[in-house]
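Chain by chain, the residues:
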Amino acid sequence: MKQFLAILRFGAPYLRRYRARISLGIVLGIIYGVSNGAALWGARMVFERLSGAVPATPAAAQQEAAIATTGDSGATFSELSSNWRSRTAAVEQAVRSALDDWLPLAGRKPGWREVVGVLTLLPLLMALRGFTGYFSNYFLSWVSERTVSDLRIDIMSRLANLSLEYFSRFRSGDLITRVNTDALTLQVAIGSRMADLVKEPVTILSILGLLILLDPKLTFFVLIFLPICVIPIGRLGKKARAAGRGMATASSQQAGLMVEFLAGIRVVKAFGLEATQLERFQKLARELVSQGMRAMRARELVNPIIELVSALALSTLVLYIAFQGIQFTDLLTFLGGTAILYTPIKRLSQVHVSFVQASVAAERIGQILAEQPTVVDPSSPKTLTAFRREIVFDGVTFAYNDRTVLNDFSLVIPCGQKLGVAGESGAGKSTLVNLLFRFYDPQSGRITIDGVDLRDQLGRDLRRLLALVSQDIVIFDLTVAENIACGRPGVSRAEVEAAARAAFAHDFISALPKGYDTSVGERGVTLSGGQRQRLSIARAFVRNSPILILDEATASLDSQSEREVQSAIERLEENRTVLCVAHRLSTLMGMDRVITLSAGRIVESGPPQELLRQDGPFASMARLQGILPS
Ligand code: ATP
C-alpha cells in the first residue's frame, strides 16, 4: 500500500492529464470484476434449474422481501444483515422470474425460448466479462504509455536544463537506464498492474458476495487460511525491493560500460581491450541474471504459496461438507468460487511485488527530476547584443568541489585581441573556458563582458556572443547541412554553403554521395578527423559570434589535417576576439598575446615572440616541443 501510494503520488501530475480515460478504465474494471461474480451466479442458476433444486417460488421470495423492507430503523446488526440478504434475495428472485421462461428447467420440455436463452445468457455474461476486461486494460495501458512518454520527455527536459556540474557526477549509462529501464518498470506497474488493481479486488468482492449470500459460514471456511498469505507475501516484497535495487544498479553499470565501449571503440581495438571489456560486461550480465532471478523468485513464489493456501481452503471445505452436508449446486458454486477466488488473490500479490519494484524505479527517476541547476538565469537579465570593449576576469576564485583551481585570478581581454593560453596540464586552462561559458559560477570575484556580469545575463544571450571549436568534435546524426546549420537555427542553405567554403569544407562535402544532404551517421564515423573538425568550424562560421574560443581545436589531428584545419581557423579568427587554449605552442605563435598559467596563476604574459626571448616557462615548453633550439 505504501509503495502504491508512493507511485500514485509520483505519477499524479501525469495521471491527472488523462483522468477521463483512467475513470473509464476503472469503471470497466469494476464491471469486469462484477461480471466474474455474475458469471458464477449464472452458471449456478443453470445447474440449479437442471438439477431440479430451484429454492423458492417467485411469490414466496416477494413475500420474504416485503417482510424484509418493513424492518424498523433501530435494528441490530444481525437484523440489518438479514435485511440486506433478504433484499438481495428479492432482487435475485426478480431476475430469476424474468429469466424463468428463457432457461431450461428439470422436468419441463425445452421450447425455442429455452434454446435461445441458454445459448445467449452465458455467452453474454462471458462477452461482458471479456470485453470489459479488455477495454479496462486498453484504457489503462493507453494512459500508462502516455504517462511514461511524458515522464521521459520531462526527464530529458530536466537534463537539458541541468548545469554541466551534474553531468560530471553522473555516468551516462546510469542516466540512460533511468530513462529507459526504470521508466519501463513504472510503465508496467501503471499499465497492466494498475488494471489488475482495479479488476481483481472487485472480482474478489463479487465472488465473496455471492458465496456469503449462499452460506456465510461456509465462506468463512474458504477464507480462514487467507491471512497466512500475508506474512510470506510481505517478506517476498522486501526481497523484490532489494532485487529491484540490485537490478537497477547492475543495468546502469552495464549500460555505462556499453556507452564507454562504443565511444572508445577505436582505443579498445587499438589496445586489444575487447576481451577485458567483454569480461567486465559478462560479470555485470551475471550479476543482472542473479538479481533478475531473485526478483523472479520473489514474484513467482507467491503462486505456490497461494495455491497451497487455496488447496487447504478447499480441503477444509470438503471436510465441512462431509460433516454438514450441502446441496449439490451450492457445492459446485463453492468449489468453483473458491478456485476462482484465489486467482485474483494471486494476481494481487504479484501486483504488490511489481509495485515494490516500481517504487524503486520511481525513486531513481524522482532523483533526476528533483535536481536543480547550479547555474541559474537571473530574474531581471541585462542583454548584451554586441561585444565592443573587453572581457574581464576580476579576482576570480573557483573550485571544483573542494579543489581550488583559480585563486584571485584576474585577466583582461580587450575586444579584438587574440589571446593564447599556455600552461602545463591541470593548470586551469579549460577551467577559464568553462567559466567564460558560465558552465560554472565562480565562488568569488566576477567575470564581465563589456562591464556586465555573466550572472546578470541569460545563458542563451551570453552564448550567442561565443562560439566554441574544441577537440571534442560532436557531429550529430543529421545531414551535413543540418550539422552546420545547428550553429544558428534558421540559417539559410546559402549561408551554410558560404560557411562551408570559408571553412575549406565545401570541396569534400560536394564529393560526398548526396553532397550537403548526405547523412553523416552517428558520431560522424564516415568522415575523417580533419573533415569533422572543418564541419565544426563551418558551424562556428554560421554562428558568427564576436568571441571565438578554441580549446585544443587541432590537438587530436595529424599534421596534414592540422594544416587544413589551421587555415580554416585563421579565417575564422579574422575580425574576432579569440581565446585560444593549446598545448601545441605552434598554434599560439600567431596570437597577439599569450599568457602562461601555472597552478591557476598567470606566470607570464606578452606577445609569443617576446616570451620566447624572455626564456621563461613558455620558452622551456617551446624548447621541449622543438620550436626553440635546446
Ligand atoms: P589540460 O591541459 O590537461 O586539459 P587544463 O589546464 O585545461 O588541463 P583544467 O581542465 O582546467 O586544466 O583542470 C584544472 C584542474 O581541475 C585539474 O586538476 C583537474 O583535475 C580539475 N578538474 C577539471 N575539471 C573538473 C571537474 N569537472 N570536476 C573536478 N575537477 C576537475
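Residues numbered from 1 in each chain as written. Predicted model: local features only at pLDDT ≥ 70, side-chain atom pairs only at ≥ 80, totals over all residues. Heavy atoms only, no water.

1. Section: the overall build of the protein chain
Here is step 1 of the chain: The helix and strand tally for the protein chain stands at 22 helices and ten strands.
Here is step 2 of the chain: Relative to a compact globule of 630 residues, whose C-alpha radius of gyration would be 25 Å, the protein chain shows 38 Å and is clearly more extended.
Here is step 3 of the chain: For the protein chain, the C-alpha atoms occupy an extent of roughly 120 × 55 × 50 Å along the three principal directions.
Here is step 4 of the chain: Evaluated residue by residue, the protein chain yields a buried proportion of 46% over its 630 residues.
Here is step 5 of the chain: The contacts of the protein chain with a sequence gap of at least 6 include a subset with a gap of at least 24, amounting to 78%.
Here is step 6 of the chain: Just so you have it, the protein chain exposes about 31,700 Å², and 60% of that area is on carbon and sulfur atoms. (Helix = DSSP H or I, 4+ residues; strand = E, 2+ residues; numbered from the N terminus. Rg over C-alpha atoms; globule rule 2.2 N^0.38 Å. Buried < 20%, exposed > 50% of the residue type's maximum accessible area, 1.4 Å probe, protein only. Contact = heavy atoms within 4.5 Å. Areas by Shrake-Rupley, 256 points an atom, 1.4 Å probe, with all protein chains shown as cover.)

2. Focus on the sheet that holds strand E5 (residues 452–453)
Here is step 1 of the chain: The antiparallel open sheet is built from four strands, whose spatial order is E2-E1-E4-E5. Where the open sheet ends on each side, the last strands, each with one partner, are strand E2 (403–414) and E5.
Here is step 2 of the chain: Contacts from helix H14 (residues 429–436) reach strand E1 (390–400), E2 and strand E4 (444–449) within the one sheet, and its direction differs from that of E1 by about 115 degrees. (Pairing = 2+ DSSP bridges. Axes fitted to C-alpha atoms, helices over the stretch in contact; angles between N-to-C directions.)

3. Some words on the site of the ligand
Here is step 1 of the chain: Taken together, 14 residues form the shell around the ligand, and within it Ser425, Lys429, Ser430, Thr431 and His583 come nearest.
Here is step 2 of the chain: Within the side chain of Arg403, a nitrogen or oxygen atom sits 3.2 Å from an oxygen atom of the ligand.
Here is step 3 of the chain: Notes on the ligand: free accessible area 630 Å², of which the protein chains cover 67%.
Here is step 4 of the chain: When contributions to the shell around the ligand are tallied by element, the ones reaching two or more residues are E2 and H14. (Near = heavy atom within 4 Å. Polar contact = N/O pair within 3.5 Å; in protein donor to acceptor, adjacent residues only side chain to side chain.)

4. Points about the nonpolar core
Here is step 1 of the chain: Counting 46 residues, the largest nonpolar core has Ile484, Ile509, Ile537 and Leu588 as the members making the most contacts within it.
Here is step 2 of the chain: With six residues, helix H19 (residues 529–543) is the largest single contributor of residues to this core.
Here is step 3 of the chain: When residues of this core are assigned to domains, at least three fall in each of domain 2 (390–465 + 545–624) and domain 3 (479–539).
Here is step 4 of the chain: Discounting residues that sit within four places of it in the chain, Ile537 has contacts with Val469, Ala503, Val565, Ala568, Ile569 and Leu572. (Core = buried A, V, L, I, M, F, W, Y, C linked by side-chain atoms within 4.5 Å. Domains from an automatic or database assignment.)

5. Things to note about unusual backbone geometry
Here is step 1 of the chain: Phi is positive for Asp408, which is not a glycine, with a value near 50 degrees.
Here is step 2 of the chain: Along the chain, Asp408 falls in strand E2.
Here is step 3 of the chain: Positive phi values are uncommon outside glycine, yet Asp450 reaches one of about 50 degrees.
Here is step 4 of the chain: Relative to the helices and strands, Asp450 resides in the loop between E4 and E5.
Here is step 5 of the chain: The buried category is assigned to Asp450, whose relative accessible area is 10%.

6. Quick notes on the layout of surface pockets
Here is step 1 of the chain: The space that makes up the largest pocket amounts to roughly 1,700 Å³.
Here is step 2 of the chain: Lining the largest pocket are 45 residues, and of these Leu164, Phe437, Phe439, Arg463 and Leu468 lie nearest its centre.
Here is step 3 of the chain: Listed by contribution, the elements that provide at least two residues to the lining of the largest pocket are helix H5 (112–161), helix H6 (164–169), H14, helix H15 (459–464), strand E6 (466–470) and H19.
Here is step 4 of the chain: For the lining of the largest pocket, the class distribution of residues is 22 nonpolar, 13 polar and ten charged. (1 Å grid on protein atoms, 1.4 Å probe; cavity = no way out; pocket = protein on both sides within 12 Å on 5 of 7 lines; lining within 4 Å. Points joined across faces, edges and corners; volume = space filled by probe spheres on them. Nonpolar A, V, L, I, M, F, W, Y, C, P; charged D, E, K, R; others polar.)

7. What about the side chain of Lys429?
Here is step 1 of the chain: Residue placement: Lys429 occurs in helix H14.
Here is step 2 of the chain: In this structure Lys429 is buried but unpaired, with Glu552 as the nearest side chain of opposite charge at 5.2 Å.
Here is step 3 of the chain: Reaching out from Lys429, the side chain makes a polar contact with the backbone oxygen of Glu424 at a distance of 3.0 Å.
Here is step 4 of the chain: Apart from residues no more than four positions distant in its own chain, Lys429 is found in contact with Val421, Ala422, Gly423, Glu424, Glu552, Val581, His583 and Leu597. (Lys, Arg positive; Asp, Glu negative; His and termini not counted. Salt bridge = Lys/Arg side-chain N within 4 Å of Asp/Glu carboxyl O.)

8. Here we look at empty space enclosed by the protein
Here is step 1 of the chain: A complete count under the given rule lists two cavities of 30 Å³ or more for this structure.
Here is step 2 of the chain: One number sums up the size of the largest cavity: a volume of about 100 Å³.
Here is step 3 of the chain: What lines the largest cavity is a set of 15 residues, among which Ala553, Thr554, Cys580, Ala582 and Thr587 lie closest to the centre.
Here is step 4 of the chain: It is helix H20 (residues 559–573) that contributes the most residues to the lining of the largest cavity, three residues altogether.
Here is step 5 of the chain: Here the residues of the lining of the largest cavity sort into eight nonpolar, four polar and three charged.

9. Considerations on the packing of helix H1 (residues 2–15) against helix H7 (residues 172–214)
Here is step 1 of the chain: Following both chains from N to C, one finds H1 and H7 inclined at 105 degrees, their axes separated by 12 Å at the closest point. As far as their axial angle goes, H7 and H1 are roughly perpendicular. Contact with H1, carried on its side by Phe4, Ile7, Leu8, Phe10 and Leu15, involves Leu186, Ile190, Met194 and Leu197 of H7 and no other residues of that element.
Here is step 2 of the chain: Broken down by class, the residue content of the contact of H1 with H7 amounts to nine nonpolar, no polar and no charged. (Parallel < 35°, antiparallel > 145°, perpendicular 65-115°, else oblique.)

10. What about the pairing of strand E9 (residues 593–598)?
Here is step 1 of the chain: Within E9, five of the six residues are buried, leaving the element largely enclosed by the surrounding structure.
Here is step 2 of the chain: Where strand E3 (residues 418–423) and E9 come together, five bridges link them in parallel fashion. Bridging from a neighbouring strand, Val421 pairs with Ile595 of E9.
Here is step 3 of the chain: Here five bridges tie E9 to strand E10 (residues 601–606), and the two strands are oriented antiparallel to one another. Along E10, the bridge assignment pairs Ser598 with Arg601.
Here is step 4 of the chain: If you look at the hairpin formed by E9 and E10, you'll find two residues sitting between the two strands, and Ala599 has a positive phi there, around 45 degrees.

11. Brief notes about the side chain of Asp174
Here is step 1 of the chain: Position of Asp174 relative to the elements: it lies in helix H7.
Here is step 2 of the chain: A distance of 2.8 Å separates a polar atom in the side chain of Asp174 from a polar atom in the side chain of Ser252.
Here is step 3 of the chain: Those residues in contact with Asp174 that lie beyond four places of it in its chain are Ser252 and Arg364.

12. Points about the confidence of the model for the protein chain
Here is step 1 of the chain: With 93% of its residues at a pLDDT of 70 or more, the protein chain has an overall mean of 83.
Here is step 2 of the chain: E4 holds the highest mean pLDDT among the elements of the protein chain, 94, whereas helix H3 (residues 58–69) holds the lowest, 44.
Here is step 3 of the chain: A low-confidence stretch, residues 56–74 stays under pLDDT 50, and its non-local contacts, those more than four residues away or across chains, total twelve contacts. (pLDDT = per-residue confidence, 0-100.)

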